[in-house]
Amino acid sequence: GSVAACDTTLLLFLTDGQISVGLEGAPLYDQISARADDHHSHILTYALGSSVDTSVTTDIACSNDGVAFQVDDGGDLASVMASYYVFFASEVDPDAVKPMWTKYREYNSGNFVASVCISAFDRDLFDDEGITRLLGIVCADLMEDHILAVNGSLDGL
């Protein structure tokens, strides 16, 4: 498999929803959008608190190809923020995903090991609705003697 380098920037914007200094309304959105466009950015917004007016964070996120989140008082901000990968995974065509191989020598034995990983997606959701949802990553380690027994050589890995 391979990984393509993309010119993508993701901005994480946290707020209590109160604008205390600077621009507001349309001038604020225009400035943010112009800067985001300059850097090919997507903006994920996080409204912090149960009583936050999310209209500003929703407008910022939606006008910049992002996602708006609200984290209630006492909510798990770390887990919500750590789920940013779901945003990127939603753009992936599961049929284009190839396994990623990593080869290394095991320290203790010196034997060759190949690890292979591939993303797992909800196929039914993709096939029925065209929506990509990442379920996780599945990996396996293959030892040199097992590879030789099945494949006959280490070539091609």
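To keep things clear, this report deals only with the structure shown in the data block. Keep in mind that this is a model prediction, so the values were computed, not measured.

On to the sheet that holds strand β2 (residues 41-48). Judged by pairing direction, the sheet is parallel, and its three strands sit side by side in the order β1-β2-β3 without closing on themselves. A single partner strand is all that each edge strand has here, and the edge strands are β1 (9-15) and β3 (67-71). Adjacent strand axes in the sheet meet at a mean angle of 20 degrees when their direction is disregarded. Of the pairings in the sheet, the one linking β2 to β3 comprises five bridges and is parallel in character. Across the sheet, the residue bridging to Ala47 is Gln70, located in β3.

Another aspect to go through is the pattern of salt bridges. Per the counting criterion, the structure on display carries four salt bridges. In this structure, Arg105 engages Glu144 in a salt bridge whose closest nitrogen and oxygen atoms are separated by 3.6 Å. In this pair, Arg105 is assigned in strand β4 (residues 100-105) and Glu144 in helix α6 (residues 144-151), connecting sequence segments 39 residues apart. Among the residues examined, Arg105 registers a relative accessible area of 52% and is labelled exposed. With a shortest N-O distance of 3.7 Å, Arg133 and Asp122 are connected by a salt bridge. In this pair, Arg133 sits in the loop between α5 (123-129) and β6 (134-143) while Asp122 sits in the loop between β5 (112-121) and α5, placing the two residues eleven residues apart along the sequence. In this structure Arg133 comes out as partly exposed when scored by relative accessible area, which is 44%.

In this section: a nonpolar patch on the surface. Together, Leu12, Leu14, Leu48, Tyr84, Tyr85, Val86 and Phe88 give the surface a local cluster of nonpolar side chains, amounting to about 580 Å² of exposed area. Elements with a minimum of two residues in the nonpolar patch: β1 and α4 (84-89). Position of Tyr85 among the secondary structure elements: in helix α4. Owing to a relative accessible area of 43%, Tyr85 belongs among the partly exposed residues under this scheme.

Rules behind the numbers
- Residues numbered from 1 in each chain as written.
- Predicted model: local features only at pLDDT ≥ 70, side-chain atom pairs only at ≥ 80, totals over all residues.
- Heavy atoms only, no water.
- Pairing = 2+ DSSP bridges.
- Helix = DSSP H or I, 4+ residues; strand = E, 2+ residues; numbered from the N terminus.
- Axes fitted to C-alpha atoms, helices over the stretch in contact; angles between N-to-C directions.
- Salt bridge = Lys/Arg side-chain N within 4 Å of Asp/Glu carboxyl O.
- Buried < 20%, exposed > 50% of the residue type's maximum accessible area, 1.4 Å probe, protein only.
- Patch = residues over 30% accessible without salt bridge, like charges linked within 9 Å, V, L, I, M, F, W, Y side chains within 5 Å.
- Areas by Shrake-Rupley, 256 points an atom, 1.4 Å probe, with all protein chains shown as cover.

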